[in-house]
Structures are given as structure tokens and as C-alpha cells.
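This is what each chain is made of:
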Amino acid sequence: MDPAPDLLKAARIAIGLTQRELADAARIGLRSLTRVEAGLDLNRRLHRAVKEALETKGVTFEPDDGVSGPGFRVRPECLGRSRVSGSLL
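About the criteria used
- The written sequence of each chain sets the order in which its residues are numbered from 1.
- Only residues with pLDDT of at least 70 get local features here, since the model is predicted, and only at 80 or more are side-chain atom pairs given and counted; chain-wide, interface and lining totals rely on the full set of residues.
- To obtain the side-chain values, all non-hydrogen atoms of the structure were used and water was disregarded.
- Two aromatic rings, drawn from Phe, Tyr or Trp (for Trp, its six-membered ring), form a pair once their centres lie within 6.5 Å of each other, and the interplanar angle then sorts them: stacked below 30 degrees, edge-to-face above 60, tilted otherwise.
- Elements are defined by DSSP. Helices are runs of H or I of four residues or more, strands are runs of E of two residues or more, and each kind is numbered from the N terminus.
- For every residue, the accessible area obtained with a 1.4 Å probe (protein chains only) is divided by the maximum for its type, and the residue is called buried under 20%, exposed over 50%, and partly exposed between those limits.
- Only one rule defines a salt bridge in this text: a Lys or Arg side-chain nitrogen within 4 Å of an Asp or Glu carboxyl oxygen.

Caption draft 1: Here's a closer look at the packing of aromatic side chains. By the definition in use, this model includes one aromatic pair. When the centroid spacing of 6.4 Å and the interplanar angle of 55° are considered together, the rings of Phe61 and Phe72 count as tilted. In this pair, Phe61 sits in strand S1 (residues 59-62) while Phe72 sits in strand S2 (residues 71-74), placing the two residues eleven residues apart along the sequence. Relative accessible area serves as the criterion here: at 9%, Phe61 is assigned to the buried category.

Here it is as C-alpha cells:
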């Protein structure tokens, strides 16, 4: 499954990573990540690097099931800095 750019960005935000942190984890440049998240760079290698970096951080991407559409899950212990008192901001 190739998650859409906005799904990659939402997953990054959910686990509390900055663009710089994710770019470093994916071993790509910050400008490349910015372009991937904006849907401006369709380079499959970059897209795959971002997806795999997020997966190593606890994200699981879910395909479109015909009802809910595509999405992602995050292991609870991997939720980022946006988690406060049991709820997401």
C-alpha cells in the first residue's frame, strides 16, 4: 500500500515528529520530505523511505476497506508529544 501524502503527514503529526526528525529518520532531505507531504514529489523511493521510517516509529498503514477509506494506526506507546492527558489535541 502506498499511503497518500496527506496520510503520511497526518501520521507524522500523530506521533509528534517534526519534519526535520522524520526527514532524518527517512535519511532524506527536509525539502524532499516537504515535497512528498505536499504531494509534489512522486518519487517512489522517497515516498517509500518516508513510509518505512514512520513504520519503524510505530505507525501501521491500513488500506481502503471499501467502507472507512485508508488510514493508519499508531501503537499507544508511540503517540507523540501531541498526546496530553489521554486525548489528542
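Picking up where we left off.
Caption draft 2: A look at the pattern of salt bridges. Here the structure, examined in full by the defined rule, presents six salt bridges. In this structure, the salt-bridge partner of Arg12 is Glu37, at a minimum N-O distance of 2.6 Å. Here Arg12, found in helix H1 (residues 5-14), pairs with Glu37, found in helix H3 (residues 30-37); they are 25 residues apart in sequence, far enough to count as distant. Accessibility classification places Arg12 together with Glu37 in one group, the buried group. The partner of Lys51 in a salt bridge is Glu55, with the nearest N and O atoms 3.0 Å apart. Here Lys51 pairs with Glu55, and both are found in helix H4 (residues 44-56), just four residues apart, close to one helical turn. Accessibility expressed as a relative area gives 17% for Lys51, which makes it buried. According to the relative accessible area criterion, Glu55 is partly exposed, its value standing at 31%.

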